[in-house]
Amino acid sequence: LWKYTFYFFINNGLTFFFQYFSITCLSDCSMSKQEKIDKPYIYSLLSLIYQVGNLVGRSTLKWMKVKRIWVLTIIQGVMAAFMFVNVYFRFMTLWMKIIVMIIIGVNSGFSYVNVFNQTMNYPQATPKEREIMTNLTTISIAGFIVVSSAFTLLVQNTFLKKQCIE
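Residues numbered from 1 in each chain as written. Predicted model: local features only at pLDDT ≥ 70, side-chain atom pairs only at ≥ 80, totals over all residues. Heavy atoms only, no water.

Asker: Outline the packing of aromatic side chains, listing residues and values.
Answerer: Counted under the stated rule, the structure contains 15 aromatic pairs. With 5.7 Å between their ring centres and 70° between their planes, phenylalanine 17 and phenylalanine 18 make a pair best called edge-to-face. Each ring, one from phenylalanine 82 and one from phenylalanine 91, has its centre 5.4 Å from the other, and the planes form 70°; the classification is edge-to-face. The rings of Tyr4, Tyr7, Phe8 and Tyr122 are connected pair by pair, giving a single aromatic cluster. Taking the ring centre of tyrosine 112 as reference, the NZ or CZ of arginine 58 above it sits at 3.8 Å. (Phe/Tyr/Trp six-rings, centres within 6.5 Å; stacked < 30°, edge-to-face > 60°. Lys NZ or Arg CZ within 6 Å of the ring centre and 35° of its normal.)

Printed below as a string of structure tokens:
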């Protein structure tokens, strides 16, 4: 079943990697030391906004379905890259960060429901195989969150150390 599941596993996993890397590492490191002192609520606010966006994205399946899930994965990667560049140059205002977090949240929720909708309706698989495919795809969530956490520790302690501390 991996030949059927791999596409869903990788896209779901990468989407989770990009979103968790963005909402933990990059949103924290994009704040200056002064912002962390004067406006400590920003990190929590961005996390909450992401969650609201995620809720909205997960509520869209009834009205919108995406066949090419890889497009959503690429959008998530582009948003993470955009935030990564912001860590170095800090060009984003709070409103821009809020908009980016909404996009990341909506896109991640949208991707999640579409991945599992396609897995559960995969035409070449039996109902039992679809259930197994769903379980295998679900493993990517925890697995890629762990990879994201490890990568966050790596970047915060190496090449983004200066930006994350100041």
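Asker: Run through a nonpolar patch on the surface, naming residues and quoting values.
Answerer: A cluster of nonpolar side chains, namely Phe82, Val85, Tyr88, Phe89, Phe91, Met96, Phe151, Leu154 and Phe159, defines an oily patch on the protein surface of about 820 Å² accessible area. Elements that contribute at least two residues to the nonpolar patch include exactly α4 (69-89) and α6 (127-156). A per-element tally of the nonpolar patch places α4 first, with 4 residues. For phenylalanine 159, the position within the fold is in the loop between α6 and α7 (161-165). Judged by relative accessible area, phenylalanine 159 falls into the partly exposed class, the value being 43%. (Patch = residues over 30% accessible without salt bridge, like charges linked within 9 Å, V, L, I, M, F, W, Y side chains within 5 Å. Areas by Shrake-Rupley, 256 points an atom, 1.4 Å probe, with all protein chains shown as cover. Salt bridge = Lys/Arg side-chain N within 4 Å of Asp/Glu carboxyl O. Helix = DSSP H or I, 4+ residues; strand = E, 2+ residues; numbered from the N terminus. Buried < 20%, exposed > 50% of the residue type's maximum accessible area, 1.4 Å probe, protein only.)

Asker: An account of α4 is needed here, citing residue identities and associated values.
Answerer: Across its 21 residues, α4 extends 31 Å between first and last C-alpha, which sits within 8% of the 30 Å expected from 1.5 Å per residue. Those residues of α4 that fall on the buried side of the exposure criterion are Ile69, Leu72, Thr73, Gln76, Gly77, Met79, Ala80, Met83, Asn86 and Val87. Residues of α4 that are buried in the fold lie against α1 (2-29), α5 (94-120) and α7. Immediately beyond the C-terminal end of α4, within one or two residues, lies arginine 90, with a positive phi of roughly 45°. (Expected span 1.5 Å × (residues − 1). Contact = heavy atoms within 4.5 Å.)

Asker: Account for the nonpolar core, with residues named and values stated.
Answerer: Grouped together as the largest cluster of nonpolar side chains are 21 residues, with contacts concentrated most on Cys25, Leu26, Met83, Val100, Met101, Ile104 and Leu160. At the level of elements, α1, α3 (41-58), α4 and α5 are the ones that each hand at least two residues to this core. It is α1 that contributes the most residues to this core, 5 residues altogether. Contacts of isoleucine 104, omitting those with residues within four sequence positions, involve Gln19, Ser22, Tyr50, Gln76, Met79 and Met83. The next biggest cluster of nonpolar side chains, apart from the first, holds 9 residues, and it includes Phe8, Ile69, Met133 and Ile141. (Core = buried A, V, L, I, M, F, W, Y, C linked by side-chain atoms within 4.5 Å.)

Asker: Explain unusual backbone geometry to me, and be specific about the residues and the numbers.
Answerer: We note that arginine 90 has phi near 45°; this positive angle belongs to a residue other than glycine. Mapped onto the secondary structure, arginine 90 falls in the loop between α4 and α5.

Asker: Can you break down the state of the cysteines residue by residue, with the values?
Answerer: Taken as a whole and judged by the stated rule, the model has 1 disulfide. Residue pairing for cysteine 29: its cysteine sulfur links by disulfide to cysteine 164, the two sulfurs lying 1.8 Å apart. As the torsion about the S-S bond is roughly 100°, the cysteine 29-cysteine 164 disulfide counts as right-handed. Within this pair, whereas cysteine 29 is found in helix α1, its partner cysteine 164 is found in helix α7, the two being separated by 135 residues in sequence. Each member of the pair cysteine 29 and cysteine 164 is classed as buried. In this model cysteine 25 remains outside any disulfide bridge; the closest cysteine sulfur is found in cysteine 29, 4.2 Å from its own. (Disulfide = S-S within 2.5 Å.)

Asker: Pulling in residues and values, what's your account of the pattern of salt bridges?
Answerer: When charged atoms on two side chains of opposite charge get close, those side chains can pair. This structure, assessed with the given rule, holds 2 salt bridges. Here lysine 36 makes a salt bridge to aspartate 28, at a shortest N to O gap of 3.6 Å. Lysine 97 is paired through a salt bridge with glutamate 35; the nearest N and O atoms lie 4.0 Å apart. Of the two residues, lysine 97 is situated in helix α5 and glutamate 35 in helix α2 (residues 33-38); the sequence distance between them amounts to 62 residues. The buried category is assigned to lysine 97, whose relative accessible area is 6%.

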